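What follows is the residue order along each chain.
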Amino acid sequence: MPLLIATVTSSAARTEDLRLVKRSDARDSETSAGKPLLLGHLDLIRLASFAITNEFSVLSFLLFDSSFGLLPPEDQELTNDELLATLRSYGQSELIAQLEDEFPNLTIVGIKIRHNLDGAVLDIKKNGFVSTQATASAQMFMTKAWRELRLK
């Protein structure tokens, strides 16, 4: 899957715009590609919640422990199931509370979502990295989320 990065650009004609560019293009020149969209732990939770209300299903979270290492696969799966159930049933506030209370050493560094209508899968990671085969769906979703959630 192509690795894209969400960047915010400014121009004389428009104040700001979000676009997805190939990672190599973003590295070539920050001024021409724009400023990367800096997504952190809470931003990814907000994106996951936003996805659910915008015709997407959240498939999984990518979780790191306090040493910034991936959880073992079995722990990743069990914890994901629990966190996803909380998000779906009770929303983002309860998910944040659960992470703080039950999993204080975990950080969400990525989410994987799937569009309910066309099946497009987006793998969104911190700092605005997006992996997908469906760049048009990714562009539409990320732009809408950026505007409505006021992401930086």
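Whatever comes next refers back to the structure up there.
Below is a short write-up of the structure. (Residues numbered from 1 in each chain as written. Predicted model: local features only at pLDDT ≥ 70, side-chain atom pairs only at ≥ 80, totals over all residues. Heavy atoms only, no water.)

Oppositely charged side chains are able to pair whenever their charged atoms sit close together. Counted by the stated rule, this structure contains three salt bridges. Two residues, Asp43 and Arg46, come together in a salt bridge whose shortest N-O distance is 3.6 Å. On the criterion of helical spacing, the pair formed by Asp43 and Arg46 is a turn pair, its members being three residues apart in helix H3 (residues 41–52). Note on Arg46: relative accessible area 27%, which makes it partly exposed. Among the ionic pairs, Asp123 bridges to Lys125, the shortest N-O distance being 3.0 Å. (Salt bridge = Lys/Arg side-chain N within 4 Å of Asp/Glu carboxyl O. Helix = DSSP H or I, 4+ residues; strand = E, 2+ residues; numbered from the N terminus. Buried < 20%, exposed > 50% of the residue type's maximum accessible area, 1.4 Å probe, protein only.)

Okay, the packing of helix H4 (residues 73–90) against helix H5 (residues 92–102) next. Packing of H4 against H5 brings their axes to within 7 Å, and their N-to-C directions diverge by 145 degrees. Every pair of crossing elements has a handedness; the one defined by H4 and H5 is right-handed. The segment H4 lies against H5, with Glu82, Leu83, Thr86, Leu87 and Tyr90 engaging Gln92, Glu94, Leu95, Gln98, Leu99 and Glu102. Split by residue class, the contact of H4 with H5 holds five nonpolar, three polar and three charged. (Axes fitted to C-alpha atoms, helices over the stretch in contact; angles between N-to-C directions. Left-handed = near helix turned anticlockwise from the far one by under 90°. Contact = heavy atoms within 4.5 Å. Nonpolar A, V, L, I, M, F, W, Y, C, P; charged D, E, K, R; others polar.)

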